[in-house]
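# Inside the fold
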Amino acid sequence: MTTKLLTKKFASFEAEEKWLNALAKNGWLLVSYRNDDFGKTDYTFEKHERAMEGHYKIDFVTFKNRDDFDEYAAILEEGGWELLAKSENYDKLISFSTTAQRLFSDSASASMRDERKQKKASRNAWIFVGIAALCGIGYWIFDNMAWLAFAIIYAATSVHFIVTACRLNVRLQKSFIDLRFVKKLLWGLVFFGGTAITMSLLNIQRDFIQANIFYFMVPFWIGVFGTRFIDYKENKRTEREMLQGEETPNL
Amino acid sequence: MYPLSEPTFLILLALSDKPMHGYGIIKAIYDYSEQQYELAPGTLYGVLKNLEKQNLIEVIGTDLDNRKKKVYAITKIGKDVLIEEQRRYEKLLRYVQKVNEQSY
């Protein structure tokens, strides 16, 4: 049995499907694959006759547990699809079918996979930005280079998720940056500054906070005015939409 | 409330008849519609999870033959949404018929 290994990264699920189908046409059947969290995938192919009779389709689902994964696999199997993923740890799910049954009924439900991927990427972005910020604060308080190193590593990692989330937003024809995301970030600043000011009022770390009061007050006010500004913008937009009427005609 | 997508409507409609597991819904829609509608499995799963999140349907147990298959049932909110959607479709159909009558 000839086995081949390939590692590749794709800009979209469509491009990946096209590539897999081209390999299938040449008799290469995907037998297993492994995702890393940064978009790269290791594929294992074997030479099989039946590869030429089928095609691949990719879905993206974040499973809560093993039961959800088993349910998904059971539904696909009965629908004529062979799921290649082996556990709930996969979120990109590649399936193979030799039947005429489609995996998605319409383009609206097909774009749900992009929506779910966007959601996961922005959640990851949050986690990494959060850890980077905590390490940054750690460096500031303890003045130890190790904290700074970790802060840089996590900040650099978060870039990948931020770019992915923003790019998918464009694909889904939403605005490049999700305003709700920015608003949450700004509330974070308000909370950060507010906590420090409250701490100093309660005599906790008072000298440190008062010596660095600039670093606490500036984010606090940026947060306060930033959220007000976004509310103002959203309000304006809603008003405009209301005056222009609904997009779908009311028959 | 935005109009529901076609697969979402079909799934709610099927579940308003009786509780069913995932693939059972596809089969029920296929049979009842006399092979007019055949939902794809990926679409079905995505819609089920969305409906569950919006509390329009709920998991009431697992299939007796296969523990992996969850059985879904429509909720009270789901029924209300379905009735509202049905009215919307009826309204649309009446409008279409009116236009057609005029053009003949």
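Residues numbered from 1 in each chain as written. Chains lettered and ligands numbered in written order. Predicted model: local features only at pLDDT ≥ 70, side-chain atom pairs only at ≥ 80, totals over all residues. Heavy atoms only, no water.

Across its full length, chain B holds four helices and three strands. In terms of overall dimensions, chain B has a C-alpha envelope of 55 × 30 × 20 Å along the principal axes. Counting across all 104 residues of chain B, residues that qualify as buried make up 43%. Pairs at least 24 apart in sequence give 50% of the contacts found in chain B among residues at least 6 apart. For chain B, the exposed surface amounts to about 6,500 Å²; the carbon and sulfur share of it is 50%. (Helix = DSSP H or I, 4+ residues; strand = E, 2+ residues; numbered from the N terminus. Buried < 20%, exposed > 50% of the residue type's maximum accessible area, 1.4 Å probe, protein only. Contact = heavy atoms within 4.5 Å. Areas by Shrake-Rupley, 256 points an atom, 1.4 Å probe, with all protein chains shown as cover.)

Bringing a positive patch on the surface into the picture now. Side chains of Lys 64, Lys 119 and Lys 174 of chain A together with Lys 53 of chain B sit close together on the surface and give a patch of like positive charge. Mapping Lys 174 of chain A onto the fold places it in the loop between helix 5 (145-171) and helix 6 (179-201). Overall, Lys 174 of chain A belongs to the partly exposed group, its relative accessible area being 46%. (Patch = residues over 30% accessible without salt bridge, like charges linked within 9 Å, V, L, I, M, F, W, Y side chains within 5 Å. Salt bridge = Lys/Arg side-chain N within 4 Å of Asp/Glu carboxyl O. Lys, Arg positive; Asp, Glu negative; His and termini not counted. Charge placed at Lys NZ, Arg CZ, Asp CG, Glu CD.)

Here we come to the confidence of the model for chain A. Do not read the predicted coordinates in detail wherever pLDDT is low. Mean pLDDT over chain A works out to 89, with 97% of the residues at or above the 70 mark. Helix 3 (residues 107-110) of chain A is the least confidently modelled element of chain A, averaging 84 in pLDDT, while strand 4 (residues 55-60) of chain A averages 95, the highest of any element. (pLDDT = per-residue confidence, 0-100.)

Right, let's talk about empty space enclosed by the protein for a bit. Applying the stated criterion across every chain, the model contains two cavities of 30 Å³ or more. Roughly 50 Å³ of internal volume is contained in the largest cavity. Around the largest cavity sit Ala 11, Ser 12, Phe 13, Asp 114, Lys 117, Arg 167, Leu 168 and Arg 171 of chain A, which together line it. When contributions to the lining of the largest cavity are tallied by element, the ones reaching two or more residues are helix 4 (112-142) and helix 5 of chain A. Among the elements that line the lining of the largest cavity, the one with the most residues is helix 5 of chain A, at three residues. Per-class residue counts for the lining of the largest cavity are three nonpolar, one polar and four charged. Approximately 40 Å³ is the volume attributed to the second largest cavity. Forming the walls of the second largest cavity are Glu 71, Ala 74, Ile 75 and Glu 78 of chain A together with His 21, Gly 22, Tyr 23, Lys 68, Lys 69 and Lys 70 of chain B. Mapped by element, the contributors of at least two residues to the lining of the second largest cavity are helix 2 (66-78) of chain A together with helix 2 (22-32) of chain B. Here the element with the most residues in the lining of the second largest cavity is helix 2 of chain A; it accounts for four residues. (1 Å grid on protein atoms, 1.4 Å probe; cavity = no way out; pocket = protein on both sides within 12 Å on 5 of 7 lines; lining within 4 Å. Points joined across faces, edges and corners; volume = space filled by probe spheres on them. Nonpolar A, V, L, I, M, F, W, Y, C, P; charged D, E, K, R; others polar.)

Moving on: helix 5 of chain A. Residue and element names in this part refer to chain A. Between its terminal C-alpha atoms helix 5 stretches 40 Å, which fits the 39 Å expected from 27 residues at 1.5 Å a residue. Within helix 5 the residues assigned to the buried category are Ala 151, Thr 157, Ser 158, Phe 161, Thr 164, Ala 165, Cys 166, Leu 168 and Asn 169. In this fold, the buried residues of helix 5 make contact with helix 4. At the N-terminal boundary of helix 5, the capping side chain belongs to Asn 144, with an oxygen 3.0 Å from the backbone nitrogen of Ala 146. (Expected span 1.5 Å × (residues − 1). Polar contact = N/O pair within 3.5 Å; in protein donor to acceptor, adjacent residues only side chain to side chain.)

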